[in-house]
Amino acid sequence: MKVINFAETNSVLNQYVAEIRDVQVQSDRMRFRRNIERIGEIMAYEMSKELTYSEKQVQTPLGIAPVSTFDDDVVIATVFRAGLPLHTGFLNVFDRAGNAFVSAYRYYKDKECRTVDVHIEYIATPDLSGKTLLLVDPMLATGESMELAWKAFLTKGTPAKLQIACVIASQQGIDHLQRLFPGDEVSLWCGAIDPDMNEHSYIVPGLGDAGDLAFGDKL
């Protein structure tokens, strides 16, 4: 799996990442969601360069214009609920894309909240056979949620291409996906890569719980 780390390049995306990490800014949920969207829009633009293109002829009021546009049948997939703002950012760019959703939630199997498991409950998706699947989720911690989401989507057809995007990834999560996708046919696009996770499997320094910051606390 190829890994693209946007933090290694100076761009405005770094400003949006800085703001979603900042505890002084995080209290503004609307700004948090919008910054996640904007990160998705930038990522989608960069990922669009990896699609397959061909020249088409467009009728204008004054003649014919040749335009190179992509041929991929794109589906944007995400994990409820934290993935919704990032998904929206991608959909703002790929506005004709199909959409796929899966619910996956983490729960702790011990009283100390140190042993994490992930449960899949719901899936809604078009047929993914032959499609270009963009699997987007803000946080890549252990990588298990992403793996389970991918396997759930595979029950609805095998995509021709897979591209994965996250805002912040842990190195452990990247290592997990690289074992899952050992070749170069899959790419992982990250806004930033953090070195550690704490005992509760949260990315450090990370930003906290992306779903709660976007939509409020949950029971």
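Note that this is a predicted model, so its numbers are computed, not measured. (Residues numbered from 1 in each chain as written. Predicted model: local features only at pLDDT ≥ 70, side-chain atom pairs only at ≥ 80, totals over all residues. Heavy atoms only, no water.)

## What to know about the packing of helix 2 (residues 29–48) against helix 3 (residues 84–93)
When two helices pack together, their arrangement is captured by the angle between the axes and the distance separating the axes.
Here is step 1: Closest axis-to-axis distance for the helix 2/helix 3 pair is 7 Å, and the angle between their directions is 45°. For the element pair helix 2 / helix 3, the angle class is oblique. In the packing of helix 2 onto helix 3, the handedness of the crossing is right-handed. Facing R33, R34, I36, E37, G40, E41, M43, A44, Y45 and M47 of helix 2, the residues of helix 3 in contact are P85, L86, T88, G89, F90, N92 and V93.
Here is step 2: A class-by-class count of the residues in the contact of helix 2 with helix 3 yields nine nonpolar, four polar and four charged. (Axes fitted to C-alpha atoms, helices over the stretch in contact; angles between N-to-C directions. Helix = DSSP H or I, 4+ residues; strand = E, 2+ residues; numbered from the N terminus. Parallel < 35°, antiparallel > 145°, perpendicular 65-115°, else oblique. Left-handed = near helix turned anticlockwise from the far one by under 90°. Contact = heavy atoms within 4.5 Å. Nonpolar A, V, L, I, M, F, W, Y, C, P; charged D, E, K, R; others polar.)

## Looking at helix 2
Here is step 1: The terminal C-alpha atoms of helix 2 lie 28 Å apart, and with 20 residues this matches the ideal 28 Å at 1.5 Å per residue to within 8%.
Here is step 2: Those residues of helix 2 lying buried are F32, N35, I36, E37, I39, G40, M43, A44, M47 and S48. (Expected span 1.5 Å × (residues − 1). Buried < 20%, exposed > 50% of the residue type's maximum accessible area, 1.4 Å probe, protein only.)

## Overview of the environment of S129
Here is step 1: Residue position: S129 is located in the loop between strand 6 (116–124) and strand 7 (132–136).
Here is step 2: For S129 and P159, which are 30 residues apart along the polypeptide, the C-alpha to C-alpha distance reads 5.0 Å.
Here is step 3: In contact with S129, other than residues within four places in its own chain, are K156, G157 and T158.
Here is step 4: Side chain to side chain, S129 and D127 meet in a polar contact 2.8 Å long. (Polar contact = N/O pair within 3.5 Å; in protein donor to acceptor, adjacent residues only side chain to side chain.)

Interpretation note: all reported values are geometric properties and have no functional meaning in isolation.
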